[in-house]
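Residues per chain are reported as follows:
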Amino acid sequence: MTTSFPAYQELLARLRRIHVLGTVTGVLGWDEQVNLPPGAAARRGEQMSLLAELAHAEATAPALGAALADCEAAGPVGEAAVVVAAARRDLDRSVKLPADLVAEKARLSSEAYHAWAAARAARDFSAFAPYLEKHLALALREAELLGYGDRPYDLAIDRHDPGLDAARIGALFAELRAGLVPLARRIDERVRAERARGERPVALRGFDVDAQRRVARAVTARLGFDYERGRLDVSLHPFCEGSGDDVRLTTRFDADNPLDSLYSSIHEAGHGMYEQGLPAQHAGTALGVAAGMAVHESQSRLWENQVARSRAFWTWLEPEYRAAFPGPLAGVSVDALHAAVNEVEPGGLIRVDSDEVHYNLHILLRFELEKRLFAGELAVADLPAAWDDLCEELLGRRPAHAGEGVLQDVHWSGGAFGYFPSYTLGNMIAAQLWVAARAALPGLEEDFTRGEFGRLLGWLRETVHAHGRREDAFALTRRATGAELGAGALLAYLQERYGA
Ligand code: ZN
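Only a predicted model underlies this, so the values are computations on that prediction, with no experimental measurement involved. (Residues numbered from 1 in each chain as written. Predicted model: local features only at pLDDT ≥ 70, side-chain atom pairs only at ≥ 80, totals over all residues. Heavy atoms only, no water.)

**Student:** Explanation requested: the overall build of the chain in the structure shown.
**Tutor:** Helix and strand content of the chain: 21 helices and three strands. In summary, the chain has a C-alpha radius of gyration of 23 Å against a globular reference of 23 Å for 500 residues, a match within 12%. Dimensions along the principal axes, computed over C-alpha positions, put the chain at roughly 70 × 50 × 50 Å. The proportion of buried residues among the 500 residues of the chain is 51%. Looking at the chain as shown, the accessible area adds up to about 21,300 Å², and 53% of this sits on carbon and sulfur atoms. (Helix = DSSP H or I, 4+ residues; strand = E, 2+ residues; numbered from the N terminus. Rg over C-alpha atoms; globule rule 2.2 N^0.38 Å. Buried < 20%, exposed > 50% of the residue type's maximum accessible area, 1.4 Å probe, protein only. Areas by Shrake-Rupley, 256 points an atom, 1.4 Å probe, with all protein chains shown as cover.)

Structure (structure tokens):
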């Protein structure tokens, strides 16, 4: 079968329609979080639900199934085989899930979100538990319908990271845990001793918000985010939406927390540069979409951490940063600024506030508990106690209440199981890409001291972005770095930056 085969052309046209509908939903979703007047929530809900109905109709259209079957019968090869296989997987999922189950999940998620927010404020897990139980039951039913009956958790993972499963992630995470727990404890002891001597990172206060906005835009543009094909706006929680020639980033500004806006902007720009670098001619097919959430997160983390927390990066940015905030930075040395950028907080219980050293311990905890919940080894009612025990094992501290423990994350209220592992897989992939990039591009960090990032972005475009979803995260890492995905590079990176 050649790519001019009529059924293949029909398939591509139909995938394109699904993609375009998705971009409409994406822009409306972005608008909801950035611009929507409070009184327009009901109208937006109606718009979104109509779009969801249209998208479902397109995704399950009999003509799509017919074109796909003709392609499969013709024996696709090369790129067409990648497109056809991914289209089959998506079609089967759309067709096998009954509309009432999809609607029930949407309804439950909306109710559960409000229940979760109230339960978290009241620090009362029992008020949220019934919703979590329903979400878990729905996820298990989905897995049965889609044929993941033996290891239902694998479906939850595969939804975010095609091709990955709990067994392989579990082996990787065990390797990471063995090295990370003792490393984090050593760093905790050192930081506690520093604090006991009165050494603390400098407090950054009173940073003009307009100047922060200009710096965030200038830095992300310099890294390589293309503002001809993107925007940066403000929302409650930073995110990145869109692809190709329309990528929307958001951040948030706080005069007394300037590093949050800067690093959120850089993080989201990392996601955005990946979306801008995907091959536009293949938009809507597996050749033109991201490889999965783990690889996506590797792009945001690489720019945020390996690049923008480095000495070399601050050698370039420091004079411009001082010029933007002359008042609040008067008397703050470059060493003090660099220490604030790489601050470590021993025993921090909140994932989203966590530093690089402790962040992955939070993910190991959530992965282990999700795995036990899906396997029926842990009842929802016993989840808080299991959380607190494992938290003590991994982070060395027990939460004082559910608000800083089991109720802290929004994910489970939307039934988003299997999502957490992608954060840590992303960190592992980023660390491995960083090793490979430095080997391939001699003098790379010298570039950063001059504010030049084009060689790194070019290497990522070629090595990661251009490949779309041809490979899963494991295969992509193997090809891009010449090594199997493992914990070694991340542990070595954390040791190098924080262990000394
Ligand atoms: Zn991210």
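**Student:** Can you help me understand the sheet that holds strand S2 (residues 240-243) in this one?
**Tutor:** Within a sheet, each strand pairs with its neighbour through backbone hydrogen bonds, oriented either parallel or antiparallel. One open sheet holds the three strands; their spatial order is S1-S3-S2, and the pairing between them is mixed. Either end of the sheet is taken by a strand with one partner, and the two such strands are strand S1 (230-234) and S2. For this sheet, the mean angle separating the axes of adjacent strands, direction not counted, is 15°. Bridge analysis of S2 against strand S3 (residues 246-251) gives four bridges, and the strand direction is antiparallel. Pairing of Ser243 across the sheet is with Asp246, part of S3. In the packing of helix H1 (residues 6-34) onto the sheet, contacts are made with S1, S2 and S3, and the angle to S1 comes to roughly 30°. Docked against the sheet, helix H10 (residues 258-277) engages S1, S2 and S3, running at close to 165° with respect to S3. (Pairing = 2+ DSSP bridges. Axes fitted to C-alpha atoms, helices over the stretch in contact; angles between N-to-C directions. Contact = heavy atoms within 4.5 Å.)

**Student:** Explanation requested: the coordination of the zinc ion in the structure shown.
**Tutor:** The textbook angles at a metal center are 109.5 degrees for a tetrahedron of four donors and 90 or 180 degrees for an octahedron of six. Within the first shell, the zinc ion binds the protein through His267 (NE2), His271 (NE2) and Glu297 (OE), at distances of 2.1 to 2.5 Å. Counting residues between consecutive donors of the zinc ion along the chain gives the motif H-x3-H-x25-E. One end of the pair is His267 and the other is His271, both in helix H10 and four residues apart, which spans about a single turn. Of the two residues examined, His267 and His271, each falls in the buried class. (Donors = N, O, S within 2.8 Å, 3.2 Å for Na, K, Ca; no water.)

**Student:** What exactly am I supposed to notice about the packing of H1 against helix H2 (residues 41-59) here?
**Tutor:** Between two packed helices, what matters for the description is the angle formed by their axes and the separation of those axes. Two numbers describe how H1 lies on H2: the axes approach to 10 Å, and their chain directions differ by 165°. By the angle class used here, H1 and H2 are roughly antiparallel. Taken as a pair, H1 and H2 cross one another with a handedness that is left-handed. Taken together, the residues of H2 that come into contact with H1 (itself represented by Arg14, Arg17, Ile18, Leu21, Val24, Thr25, Leu28, Gly29, Asp31 and Glu32) are Arg44, Gln47, Met48, Leu51, Leu54, Ala55, Glu58 and Ala59. When the residues that make up the contact of H1 with H2 are grouped by side-chain class, the tally is nine nonpolar, three polar and six charged. (Parallel < 35°, antiparallel > 145°, perpendicular 65-115°, else oblique. Left-handed = near helix turned anticlockwise from the far one by under 90°. Nonpolar A, V, L, I, M, F, W, Y, C, P; charged D, E, K, R; others polar.)

**Student:** How do you make sense of the side chain of Glu142 when you look at a structure like this?
**Tutor:** By the element assignment, Glu142 lies in helix H6 (residues 129-145). The residues touching Glu142, leaving out its near neighbours within four places in the chain, are Leu97, Leu101, Lys105, Leu155 and Arg159.

**Student:** Help me understand the pattern of salt bridges, please; the structure alone is not making it clear to me.
**Tutor:** A side chain of one charge can pair with a side chain of the opposite charge when the charged atoms of the two come close. With the rule as written, the count across this model stands at 41 salt bridges. The shortest N-O distance in the salt bridge between Glu368 and Arg372 comes to 3.2 Å. A residue pair is termed a helical-turn pair when its members lie 3 or 4 positions apart in one helix, as Glu368 and Arg372 do in helix H15 (residues 356-374) at four residues. Taking the shortest distance from any N to any O, the salt bridge between Asp389 and Arg398 comes out at 3.0 Å. A residue is classified by how much of its surface remains accessible, and Arg398, at 38% relative accessible area, is partly exposed. (Salt bridge = Lys/Arg side-chain N within 4 Å of Asp/Glu carboxyl O.)

**Student:** Explain the packing of helix H9 (residues 209-223) against H10 here, please?
**Tutor:** The interhelical angle for the contact between H9 and H10, taken along N-to-C directions, is 30°, at an axis separation of 9 Å. Classified by chirality, the crossing of H10 by H9 is right-handed. Across the interface between the two elements, Gln212, Val215, Ala216, Val219, Thr220 and Leu223 of H9 pack against Pro258, Ser261, Leu262, Ser265, Ile266, Ala269 and Met273 of H10. Along the lines of polarity and charge, the residues of the contact of H9 with H10 split into nine nonpolar, four polar and no charged.

**Student:** So what exactly am I meant to see when it comes to the nonpolar core here?
**Tutor:** A general tendency of soluble globular proteins is for nonpolar side chains to be buried together. Counting residues in each nonpolar core, the largest one holds 122 residues, and the members touching the most others are Phe125, Trp303, Phe313, Trp314 and Tyr321. In terms of residues, this core owes the most to one element, helix H8 (residues 166-196), which gives 11 residues. Core analysis: the second largest hydrophobic core is formed by 15 residues, Leu15, Leu68, Ala80 and Ala87 among them. (Core = buried A, V, L, I, M, F, W, Y, C linked by side-chain atoms within 4.5 Å.)

**Student:** What should I look at first to understand the packing of aromatic side chains in this one?
**Tutor:** Here the distance between the centres and the angle between the planes together describe a pair of aromatic rings. Scanning the model with the defined rule gives 21 aromatic pairs in all. On the basis of an interplanar angle of 45° and a centroid distance of 5.8 Å, the ring pair of Tyr113 and Trp116 is categorised as tilted. With Tyr113 and Trp116 both in helix H5 (residues 99-122), this residue pair falls three residues apart, about one helical turn. Looking at Tyr113, the relative accessible area reads 39%, which means it is partly exposed. Where Tyr153 meets Phe367, the ring centres are 5.9 Å apart and the plane angle is 40°; that geometry is what we call tilted. With a gap of 214 residues between them, Tyr153 in helix H7 (residues 152-160) and Phe367 in helix H15 connect regions that are remote in the sequence. Take Tyr153: its relative accessible area is 3%, and that puts it in the buried class. (Phe/Tyr/Trp six-rings, centres within 6.5 Å; stacked < 30°, edge-to-face > 60°.)

**Student:** Would you mind showing me how to read H1 here?
**Tutor:** Along an α-helix, residues three or four apart share an orientation, since each turn contains 3.6 residues. Given a rise of 1.5 Å per residue, 29 residues ought to cover 42 Å, and the 42 Å separating the end C-alpha atoms of H1 matches this to within 8%. Taken residue by residue, H1 has Ala7, Tyr8, Leu11, Arg14, Leu15, Leu21, Gly26, Gly29, Trp30, Asp31 and Val34 as its buried positions. (Expected span 1.5 Å × (residues − 1).)

**Student:** Could you clarify how one ought to interpret the environment of Ala290 in this entry?
**Tutor:** Mapped onto the elements, Ala290 comes out in the loop between H10 and helix H11 (293-307). Separated by 179 residues in the primary sequence, Ala290 and Arg469 place their C-alpha atoms 5.7 Å from one another. The residues contacting Ala290, other than those within four sequence positions of it, are Tyr274, Glu275, Leu278, His296, Gly468 and Arg469.

**Student:** In this structure, what is going on with unusual backbone geometry? I would like to understand it.
**Tutor:** Keep in mind that most residues, glycine aside, have a negative phi and that most peptide bonds are trans. Even without being glycine, Arg123 reaches a positive phi, approximately 55°. You can see Arg123 is positioned in the loop between H5 and H6.

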